[in-house]
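For reference, the chains in residue letters:
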Amino acid sequence: MKPLDRILEAAKSAPRHIVLAEGEDPRIVEGAVQAVRAGVASITLVGRRTIVEERLAAVGAGAGEIRIEDPASSLLTPRLTAAYYALRKAKGIDEAAADAAVRSPLVFAAMMVRAGEADGTVGGAVATTADTVRAALQTIGRAPGVGLVSSFFLMMLCEAHHVKKGAFVFADCGLVVDPDAAGLADIAVMSARSFEALAGKPAKVAMLSFSTAGSAAHERVSKVVEATRLAHAAEPCLVIDGELQFDTAFVEAVSAAKAPQSALHGEANVFVFPNLDAANIGYKIAQRIGGATAIGPILQGLARPANDLSRGCNAADVFHMIAVTVVQAGNR
Ligand SMILES: CC(C)(COP(=O)(O)OP(=O)(O)OC[C@H]1O[C@@H](n2cnc3c(N)ncnc32)[C@H](O)[C@@H]1OP(=O)(O)O)[C@@H](O)C(=O)NCCC(=O)NCCS
Ligand SMILES: CC(=O)OP(=O)(O)O
């Protein structure tokens, strides 16, 4: 079964209630309708009621297919505001600031998840990643035992020209700007778990660099080597190697030539980039030139699922991200 079909089937077998913060955006509305009609999720769209209703009518969605919550008039707003104030007052916000925050769709949707009114949330088709992720970090917060929240893209290679097909994880393409060695090790361990949960296969983790097995000497290479050591110490059973260049991690013949001792043998399926510059640029090149289907940024380490989208997304991306969010909610 194709990896995307596997995720869609898993979501259909246990659909959840997902709240979409940007309910006025036509791509969000179209993706939401696809998800409901495919039996993947029940959906709440957040936004100004008249505009969301117009958008739903434009795609022929019937009344009652999708719930709408308008923060300006929702019956939930007073309760979510009180909960947000209780949560954030130690950070110096007053009741008026809490009221203003909850009227923002990103915070309203994240607070619905925190309050148990929805199982997960998706935003970021309109808002920047920084705003989308900040709303999730400040309201939903970290899962117990997690230090660093990070993100990854699920990269699907399914086109005829893809010599290797299947699901791959690229991390962290969205959130942690310049992780130190310990942060990079956390990203590696969490990305391996995320890959296994979504792809259903054992992870093989490549810690990427511009150097392979000591071919270059630089403090940035040393960071990746140390991160590999820390990740291995944290999870001794994890199949991981680094530092490696991308070709060595991905192409068996190159691995044999440049890193014959590598445990990955050019068969990595989780690629951990050294920083956000490399990761974000790398995933967009794979998507836009390479023809990979890119689902993300998917957040890992939060107490409940909240995911981001690229502002360049389309309705299919929204549909796929809803399915991923449902699967994450089921795995909690
Ligand atoms: C995500 C991001 C906005 C967080 O930035 P920040 O300045 O730390 O945000 P805030 O200070 O508002 O942090 C919000 C809270 O989350 C916490 N936090 C921030 N990053 C965190 C992380 N990676 N893991 C866990 N908690 C984190 C902060 O400690 C803070 O907690 P508090 O409010 O309870 O004190 C920032 O890392 C960022 O801009 N990343 C890049 C996003 C981007 O542009 N990506 C490219 C396109 S995808
Ligand atoms: C993930 C990402 O790069 O998001 P955006 O394209 O919205 O900046």
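The rules behind these values
Residues numbered from 1 in each chain as written. Chains lettered and ligands numbered in written order. Predicted model: local features only at pLDDT ≥ 70, side-chain atom pairs only at ≥ 80, totals over all residues. Heavy atoms only, no water. UniProt positions renumbered as here; feature names shortened; annotations may be inferred. Helix = DSSP H or I, 4+ residues; strand = E, 2+ residues; numbered from the N terminus. Expected span 1.5 Å × (residues − 1). Buried < 20%, exposed > 50% of the residue type's maximum accessible area, 1.4 Å probe, protein only. Arc of directions from axis to C-beta. Contact = heavy atoms within 4.5 Å. Near = heavy atom within 4 Å. Polar contact = N/O pair within 3.5 Å; in protein donor to acceptor, adjacent residues only side chain to side chain. Areas by Shrake-Rupley, 256 points an atom, 1.4 Å probe, with all protein chains shown as cover. Nonpolar A, V, L, I, M, F, W, Y, C, P; charged D, E, K, R; others polar.

- Going by an unreviewed UniProt entry, the protein chain carries the name Phosphate acetyltransferase and comes from Shinella kummerowiae.
- Database annotation for the protein chain, UniProt heading Pathway (unreviewed entry): "Metabolic intermediate biosynthesis; acetyl-CoA biosynthesis; acetyl-CoA from acetate: step 2/2."

Observations concerning helix 4 (residues 77-88)
- With 12 residues, helix 4 should cover 16 Å at 1.5 Å per step; its first-to-last C-alpha distance of 16 Å lies within 8% of that length.
- All of the buried residues in helix 4 are Thr 77, Leu 80, Thr 81, Tyr 84 and Arg 88. On an axial view of helix 4, the arc spanned by its buried residues comes to 100 degrees, and they lie on one face. Across from the buried face of helix 4, at angles greater than 90 degrees, the exposed residues are Pro 78 and Ala 86.
- Buried residues along helix 4 sit against helix 5 (95-102), helix 6 (105-114) and helix 7 (129-139).

Remarks on the site of ligand 1
- Within the structure, ligand 1 sits among 18 residues, and Lys 91, Arg 134, Val 149, Gly 174 and Leu 175 are positioned closest to it.
- Note that an oxygen atom of ligand 1 is positioned 2.7 Å from one of the side-chain N or O atoms of Lys 91.
- Contact between ligand 1 and Leu 175: a nitrogen atom at 2.9 Å from a main-chain N or O atom of the residue.
- The fraction of the free accessible surface of ligand 1 (950 Å²) that becomes covered by protein chains is 61%.
- Among the elements of the structure, helix 7 and helix 12 (276-288) are those that each provide at least two residues to the shell around ligand 1.
- Among the elements that make up the shell around ligand 1, the one with the highest residue count is helix 7 (six residues).
- Here the shell around ligand 1 is built from residues that sort into nine nonpolar, five polar and four charged.

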